[in-house]
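Take a look at the letters that make up each chain.
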Amino acid sequence: MADKRLTNSFKSYVGLDDDYLNTSNEDSFSDQLTVRLLPGESLVSEAQNVLMFAQVRERKQGKSGLLCVTNFKLSFITADEKSKEEVAFQDVLQLGENDVCLSNIDALYLFGDKKRKLVPDSRNITEKVKGLHIICKNMRMLSFSFKFSPVGHGKTLTNALLHHAFPKRHQLLFGYDYSEPQYPCSSETVMFRDAGDWGKELARTQAQGWRLSAANHDFQMFSSLPRWLVVPSRVLDWQLGEAGRHFNSGRPPLWSWSSPYGAALVRMADIVPTITDRVQENIMLECVRKTHPRLAPPIVLDLTKDLPSCRELQNSYLKLRELCTPEDIKQFWVQDQHFLSSLESSKWLQYVSACLAKSVQAANILMRDTTVVLQESDGRDTCCIVTCLTQLLLDPYFRTIHGFQSLVQREWVIMGHPFCTRLAHVYQQDVSNQSPMFLLFLDSCWQLLQQFPTHFQFTETYLTVLWESALLSIFDTFLFDCERDRMAASAEPNDPLILRSVWDELVNSRDAALFVNPLYFPSDEKIDPLSFKPSLPNIQLWLQAYCRYIPILEISGGGPPQIDLTARMLTGQVEGGFEGPPPKVGSFFPFSPPHASAPPPALLLSSLSLNTSFHSSEMMLDSQSILNAPD
């Protein structure tokens, strides 16, 4: 069977001289199609009678339509395009089924006589463009042919895409143009932008020996750190400034979490390479020791030695993406012959396992009432991962949706993870600093969900949508490298940026029912440690995140989404709401193509009765929700 698959006479989707399906009946409608625009979004370029090819299917398929580039997205519109009221899409992402945010685009290739990668900072393309191949950061692949387009349309659109998908300045991102009114909304997610938020968290964790410092209130002392810092009580502000100059990125030991017994979780950067002595580091660690009620010395865990660097993780991610984005069905079957060995050679699961193992180690030390200091080169990457995972393993509050959002807001956003640089929102020739650290963290969280399905209020769909949101050019949450840059952009006198938190959108999303785990059982304990097994045999590949754009891998009526739907229906039956078998969904639901039937909205709403404070059920019935997807 395998030999037959490898030797069949398959022709590539992008064989531009081939005859295609589904083209003759739709070509004449191309000039009547229009793209839906958000407030502030403008059309940049369009190409008519473009063919878009289905990704990795057994039969060669293509659709004809209008391909558009705006200042926000690449959009493909077909003649059978549904009205806005009929379309089912993820409300948080503001995208349709055939839309891709420009910030999500990672690489462009021209197809003609041969495949050629386009360099963003090169001059405009002058030759005729026959076909375009697009690789996205979320493992999506798009292929288009301009065989039937009017002369010059393909070249014009490709130049526009090349220019707008790789902006040279931060102010060119769509977030600065988006003009949808922003209304303040109440949320339980803690933003950690004022002293009160930090004070409440110190009180909640019963932190001892730590104080809140305003030494960095104007961002002049430490540019990548927030205005408010939690430091050892014995450290004065002038001592903090003196010590900060000895650490990379100005990051001395800073508090993250405390156990009720007095042990603390601390994060810090390494000493500046040009400094030969470690006097200031020893002084600061002595101050950390004195925060412990028993004056027990802390244990320092060096993350740089055991966890991947930015470059190592980026190389691993590119290998994983190559494995999950086959160009055609022939390549898919070739890769399938050695899928496991290729997955192992990418080292992605090894890195996930390493992050979880280090977090388990830190959690075990804290449970022995010993302070843990996490040290990393700059303290802005793997420190964020291990700090968050450790708190997820110990503190049940962070396993709720609002608690998790508050955790990410504090440890990633406010503490200055360089999202803009790592996710390449702004184009740079030097790609050595590009790295999906946030994806590695979300993958590690997903592994926790697999071993403890009743301990987390959020679902894998929530984690997937959160990753997709990080690739949007709308939310300030993921657009900046630090809080100082975010505040400066919002205070710009000529072109101020309206700050739009992703947490508000997630909480108020019409699809929020899919983010709530119907099997969640809250813990009443302040400390509820999870005995996670981080070894490789217990680590799985996150199929919903990495393989959902390979339709051939989808299981109809099976997989985790079907189990989740059954659990939701059982919840409804217990409450006297529903009877009979649950409808069938694909294993990539709700990211499946709309060929499968979607479950009734009210069925999914039944799970919200377990936590009515999370969301108003009234908003779930909007027709834009993916819960109302047509058959």
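Details of the structure are given in the entry above.
The rules behind each value
Residues numbered from 1 in each chain as written. Predicted model: local features only at pLDDT ≥ 70, side-chain atom pairs only at ≥ 80, totals over all residues. Heavy atoms only, no water. Helix = DSSP H or I, 4+ residues; strand = E, 2+ residues; numbered from the N terminus. Buried < 20%, exposed > 50% of the residue type's maximum accessible area, 1.4 Å probe, protein only. Contact = heavy atoms within 4.5 Å. Areas by Shrake-Rupley, 256 points an atom, 1.4 Å probe, with all protein chains shown as cover. Pairing = 2+ DSSP bridges. Axes fitted to C-alpha atoms, helices over the stretch in contact; angles between N-to-C directions. Core = buried A, V, L, I, M, F, W, Y, C linked by side-chain atoms within 4.5 Å. Arc of directions from axis to C-beta. Parallel < 35°, antiparallel > 145°, perpendicular 65-115°, else oblique. Left-handed = near helix turned anticlockwise from the far one by under 90°. Nonpolar A, V, L, I, M, F, W, Y, C, P; charged D, E, K, R; others polar. Salt bridge = Lys/Arg side-chain N within 4 Å of Asp/Glu carboxyl O.

Draft legend 1. Broad picture of the overall build of the chain. Scanning the chain from terminus to terminus reveals 20 helices and 14 strands. Each of the 631 residues in the chain was classed as buried or not, and the buried ones make up 58%. Considering only contacts in the chain between residues 6 or more positions apart, those separated by 24 or more positions represent 76%. Of the accessible surface of the chain, which amounts to about 26,000 Å², a share of 51% is contributed by carbon and sulfur atoms.

Draft legend 2. Here's a closer look at the sheet that holds strand β7 (residues 131–136). Read across the sheet, eight strands follow the order β4-β3-β2-β1-β8-β7-β5-β6 without closing on themselves; strand pairing throughout is antiparallel. Of all the strands in the sheet, the pair left with one neighbour each is β4 (99–101) and β6 (116–117). When strand β5 (residues 105–111) meets β7, the two strands line up antiparallel, connected through six bridges. In the sheet register, Ala 107 faces β7, and the bridge partner there is Ile 135. Most of the contacts of helix α2 (residues 153–164) go to strand β1 (residues 43–53), to which it runs at about 120°, and overall it touches β1, β2 (62–70), β3 (73–78), β5 and β7.

Draft legend 3. Representation of the nonpolar core within the structure. With 98 residues, the main nonpolar core has Phe 404, Phe 438, Phe 441 and Tyr 546 as its most contacted residues. For this core, the element with the highest residue contribution is helix α10 (residues 348–367), accounting for eleven residues. Setting aside chain neighbours within four positions, we find Phe 438 in contact with Val 408, Trp 412, Phe 419, Leu 466, Trp 467, Ala 470 and Phe 478.

Draft legend 4. Representation of helix α9 (residues 339–346). Among all positions in α9, only Ser 342, Leu 343 and Ser 346 are buried. An end-on view of α9 places all buried positions within 100° of arc, on one side of the element. Set apart from the buried face of α9 by more than 90 degrees, the exposed residues are Leu 340 and Glu 344. Considering only its buried residues, α9 is in contact with α7 (310–324) and α10. Note on α9: the residue one or two positions beyond its end, Lys 347, has a positive phi of about 70°.

Draft legend 5. Layout of the packing of α10 against helix α11 (residues 382–394). Between α10 and α11, the least distance of the axes is 8 Å, while the angle of their chain directions is 55°. Classified by the interaxial angle, the pair formed by α10 and α11 is oblique. The two elements α10 and α11 cross, and the hand of that crossing is right-handed. Along the contact surface, α10 presents Cys 355, Leu 356, Lys 358, Ser 359, Val 360, Ala 362, Ala 363, Leu 366 and Met 367, while α11 presents Ile 385, Val 386, Leu 389, Thr 390, Leu 393 and Leu 394. In the contact of α10 with α11, the residues fall into twelve nonpolar, two polar and one charged.

Draft legend 6. Quick look at the pairing of β5. Of all seven residues in β5, seven are buried, a share of seventy percent or more. Of the pairings in the sheet, the one linking β5 to β6 comprises two bridges and is antiparallel in character. Of the residues in β6, the one forming a bridge with Leu 110 is Arg 116. Linking β5 back to β6 in an antiparallel pair, the connection comprises four residues.

Draft legend 7. Representation of the environment of Arg 484 within the structure. Among the secondary structure elements, Arg 484 is positioned in helix α16 (residues 483–490). Taking the C-alpha atoms as reference, Arg 484 lies 7.8 Å from Leu 225; in sequence the two are 259 residues apart. Once residues lying within four places of it in the same chain are set aside, the contact partners of Arg 484 are Phe 219 and Ser 223.

Draft legend 8. The arrangement of the pattern of salt bridges in detail. In total, this model carries 25 salt bridges according to the counting rule given. Between Arg 204 and Glu 201 there is a salt bridge, and its shortest N-O distance comes to 2.9 Å. In this pair, Arg 204 and Glu 201 both sit in helix α3 (residues 195–204), three residues apart, roughly one turn of the helix. On the basis of relative accessible area, Glu 201 is assigned to the buried category, the value being 7%. The residue Arg 484 makes a salt bridge to Asp 485 at a minimum N-O spacing of 3.7 Å. Through salt bridges with shared partners, one network takes in Glu 201, Arg 204, Arg 267, Asp 395, Arg 410 and Glu 411.

Draft legend 9. Main features of the sheet that holds strand β13 (residues 299–302). Taken in spatial order, the four strands line up as β11-β12-β14-β13 in an open sheet, and their pairing is mixed. What marks the edges here is a single partner per strand, and that holds for β11 (254–258) and β13. Between one strand axis and the next, the sheet turns by 25° as a mean value, whatever way the strands run. One ladder, built from four bridges, connects β11 with strand β12 (residues 264–269); its direction is antiparallel. Its bridge partner lying in β12, Trp 255 is registered against Val 266.

Draft legend 10. Main features of the packing of helix α12 (residues 401–414) against helix α14 (residues 437–451). Running from amino to carboxyl end, α12 crosses α14 at an angle of 150°, the nearest separation of the two axes being 14 Å. Considering their axes alone, α12 and α14 lie roughly antiparallel with respect to each other. Crossing of α12 against α14: the hand is right-handed. Contacts between α12 and α14 involve Phe 404, Val 408 and Trp 412 on the former and, on the latter, Met 437, Phe 438, Phe 441, Leu 442 and Cys 445. In the contact of α12 with α14, the residues fall into eight nonpolar, no polar and no charged.

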